[in-house]
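Descriptive analysis of the structure
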Amino acid sequence: MTAMSSLAGLAALNLFLSDVRDGLGPFLGVFLQQKQWSPGEIGLVMTIGGLAGMVATIPMGALVDSSRAKRTIVICGSAVVIAASMAILLAPHFAVVTLAQAVNGIAAAALGPAVAGITLGLVGAAGFDRQLGRNEAFNHAGNIIAAILAGVLGWWLGLPAVFALMAAMAVGSVLSVLSIRPGDIDHEAARGMARAAPGEERGAEGWRGLLSDRRLLTVAFTMGLFHLGNAAMLPLFGQGMVARGAGDPSTLTALTVVVAQATMIPMALMAARLAQSRGYRLVLLMALAALPVRGLIAAAATQWDIGLGLYPVQILDGVGAGLLGVATPGIVARILQGSGRFNAGLGLVMTAQGIGAALSTSLAGFIAQSAGYAAAFLVLGAVALVAALAYLLGGAPGGDAPAASGGASAIAPGARTKTAA
C-alpha cells in the first residue's frame, strides 16, 4: 500500500505547483498592458509562444512514459518556468516574451503528464478517478492562496511581486515532490501498462494504434475546441476591467482567479464522484455547457457593469475548468488502459488543448481590438457549442463507469491490441 507520506507529498505538490505550471497566467496580459502593449500584440505573443511549446507536448508525454525519473522532470520543469518568467519581468520586449512563453509551454508540457503519471503510479487505475479529484482540489486551493497573495503583494509592491511569489511556490513544489518516495511509484502502472500474466511479456502499444484511436482523437479535438473558446476569456476579462478603469489591476485580476478557483474545488470533487458512478460523458458535457453561458454574461458585463459580471463569469469558469481538470486525464486513462502509452496519449490531448489555447488568445485579441470586448466574448462562448457537437458526433467516449470492483480491467472494457513500441 502506498505510504501516506507519498500521498501527502502528492497533495502538497499539486498545491504548490498550481502557481508554477501555468506561468504568469492572467497576470501576464495585465503586466504587458501596463507596458503599453495592445490587445492584439498580447494575444499574438501568447499564441506564438504557445504554439512553439505545443510541439513538445507529445514527446514530453512519451518521455514521462519511458522515464523512471518523473520527480526530476517536475523539478526541472519548475525551474525552467521560473527562469522564463523572470526574463519577462526583466526584459518585456516582444522577442524576449515570445521566447519565454515558448519555454514555459515546453516546461508545462512535461509537468502535466509527469504529475498525472506519478499519480497513476502511486494509486493505480482503481484509485485514479478519486485521486484526480483530490489532486485538482489541492491544485485549485493553491491557486486561491497564490492569487490572494499575488493580489495583496501586487497592490502593495506592484505586479513584479507576483514574480517573486512564483519563485517561492516553485521552491515549495520541489520540496514536495522530493517527499514522494521513489519506491512508492509503480512506473508500469504510471504509463497505463496492463499487468502481465506469469511468464508473459508485454510491450507498449505502437504509435500507429495510438494515433488511429478514434475515441482518443475525438477527445483531443473536443478539448482543443473547448480551450479555443475558454483560454482567452479570463485574461480578456481582466484586460476589459483595466480598459474600463475598474480598479487596481493586480487586485482585480487576483479576484477573478479566486472566484473561479474556489468554484473549481467542489466541482473537481463532484467530477470524481460522477466519473465513478456515471462515467465521464456527463462530466464533459456539463463543462461544455458552462462556456456559452459564461460568454453571454461576460459580453453583457462589458456593456453594463463589468464589476457585477465578475462573479457569475468566474463561477462558470470554475464549473468548466473544475470538471475538465478531472475529466481530461481520467478519460485518457480509461481509453488507453493496458496500452503503456497513457502519458503519450495525454500529451496528444494536451497538444490539442495547447493549439486551442494558443489560437484563443490571438483570436480574442484581434476581435476585441476590431469589434470590442463583447463581440470577443460571444465568439469564444459559441465555440463550446461546436465542441459539444463534435464530441457527440464522435461517439462521446468516456461514458462507461468503472465496475464496482474497481479492478484495472474495469477502467477500459475490452482488450487493446498491442504492438512493440
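Residues numbered from 1 in each chain as written. Predicted model: local features only at pLDDT ≥ 70, side-chain atom pairs only at ≥ 80, totals over all residues. Heavy atoms only, no water.

1. Regarding the overall build of the protein chain
Helix and strand counts for the protein chain stand at 17 helices and zero strands. Counting all 421 residues of the protein chain, 60% fall into the buried class. Partitioning the intrachain contacts of the protein chain with sequence separation of at least 6 by distance along the chain shows that 86% fall at a separation of at least 24. (Helix = DSSP H or I, 4+ residues; strand = E, 2+ residues; numbered from the N terminus. Buried < 20%, exposed > 50% of the residue type's maximum accessible area, 1.4 Å probe, protein only. Contact = heavy atoms within 4.5 Å.)

2. Quick look at the nonpolar core
For soluble globular proteins, nonpolar side chains are generally found buried alongside one another. Residues Leu216, Leu236, Tyr280, Phe342 and Phe377 are the most contacted members of the largest nonpolar core, which totals 67 residues. Among the elements that make up this core, the one with the highest residue count is helix H15 (residues 306-336) (13 residues). With residues up to four places along the chain from it excluded, the contact list for Phe342 reads Asp65, Ala116, Gly117, Leu120, Phe128, Ala190, Arg191, Gly192, Pro329, Val332, Ala333 and Leu336. Ranked by size, the runner-up nonpolar core spans 42 residues in total, among them Leu7, Val30, Ala146 and Phe163. (Core = buried A, V, L, I, M, F, W, Y, C linked by side-chain atoms within 4.5 Å.)

3. Quick notes on the environment of Lys70
Tracing the sequence through the fold places Lys70 in helix H5 (residues 70-90). For Lys70, a relative accessible area of 1% translates into the label buried. Lys70 sits 44 residues away from Ala114 along the chain, and the two C-alpha atoms are 5.7 Å apart. At a separation of 3.3 Å, a polar atom in the side chain of Lys70 contacts the main-chain carbonyl oxygen of Val64. (Polar contact = N/O pair within 3.5 Å; in protein donor to acceptor, adjacent residues only side chain to side chain.)

4. Considerations on the packing of helix H4 (residues 57-66) against helix H16 (residues 342-371)
It is at 7 Å that the axes of H4 and H16 come closest, and there the two elements cross at 160°. Judged by the inter-axis angle, H4 sits roughly antiparallel to H16. Relative to H16, H4 is oriented so that their crossing is right-handed. Here H4 contributes Thr57, Ile58, Gly61, Ala62, Val64 and Asp65 to the contact with H16, which in turn contributes Phe342, Asn343, Ala344, Gly347, Leu348, Met350 and Thr351. Among the residues making up the contact of H4 with H16, the classes are represented as seven nonpolar, five polar and one charged. (Axes fitted to C-alpha atoms, helices over the stretch in contact; angles between N-to-C directions. Parallel < 35°, antiparallel > 145°, perpendicular 65-115°, else oblique. Left-handed = near helix turned anticlockwise from the far one by under 90°. Nonpolar A, V, L, I, M, F, W, Y, C, P; charged D, E, K, R; others polar.)

5. Side note on the pattern of salt bridges
For side chains bearing opposite charge, pairing can occur when the charged atoms are close. Going through the model one piece at a time under the given rule, you end up with five salt bridges. Residue Arg334 pairs with Asp129 through a salt bridge whose shortest N-O separation is 2.7 Å. Within this pair, whereas Arg334 is found in helix H15, its partner Asp129 is found in helix H7 (residues 128-157), the two being separated by 205 residues in sequence. For the pair Arg334 and Asp129, a shared accessibility class is recorded, and that class is buried. (Salt bridge = Lys/Arg side-chain N within 4 Å of Asp/Glu carboxyl O.)

6. Digging into the packing of H5 against helix H6 (residues 94-123)
The interhelical angle for the contact between H5 and H6, taken along N-to-C directions, is 160°, at an axis separation of 8 Å. Considering the angle they form, H5 stands roughly antiparallel to H6. Crossing of H5 over H6 shows left-handed handedness. For the pair H5 and H6, the contacting residues are Lys70, Arg71, Ile73, Val74, Gly77, Ser78, Val80, Val81, Ala84, Ser85, Ala87 and Ile88 in the first and Val96, Val97, Ala100, Gln101, Val103, Asn104, Ala107, Ala110, Leu111, Ala114, Gly117 and Ile118 in the second.

7. So, the confidence of the model for the protein chain
Of the residues in the protein chain, 84% reach a pLDDT of 70 or more, and the chain-wide mean stands at 82. At the level of individual helices and strands, the protein chain shows its lowest average pLDDT in helix H12 (residues 233-243), which scores 71, and its highest in helix H11 (residues 214-230), which scores 93. Confidence drops under a pLDDT of 50 for residues 197-201, and excluding neighbours within four residues, the segment shows zero contacts in the predicted structure. Throughout residues 403-415 the model reports pLDDT below 50, and contacts reaching past four residues in sequence, or to other chains, amount to 14 contacts. (pLDDT = per-residue confidence, 0-100.)

8. Describing unusual backbone geometry
With phi around 70°, Gln36 is a residue other than glycine that occupies positive phi space. Among the secondary structure elements, Gln36 is positioned in the loop between helix H2 (26-34) and helix H3 (39-54). You can call Gln36 exposed: its relative accessible area is 69%.

9. Re the environment of Ala52
Tracing the chain through its elements places Ala52 in helix H3. Overall, the relative accessible area of 37% leaves Ala52 in the partly exposed class. Measuring from C-alpha to C-alpha, the distance between Ala52 and Val103 comes to 8.1 Å, with 51 residues separating the pair along the chain.

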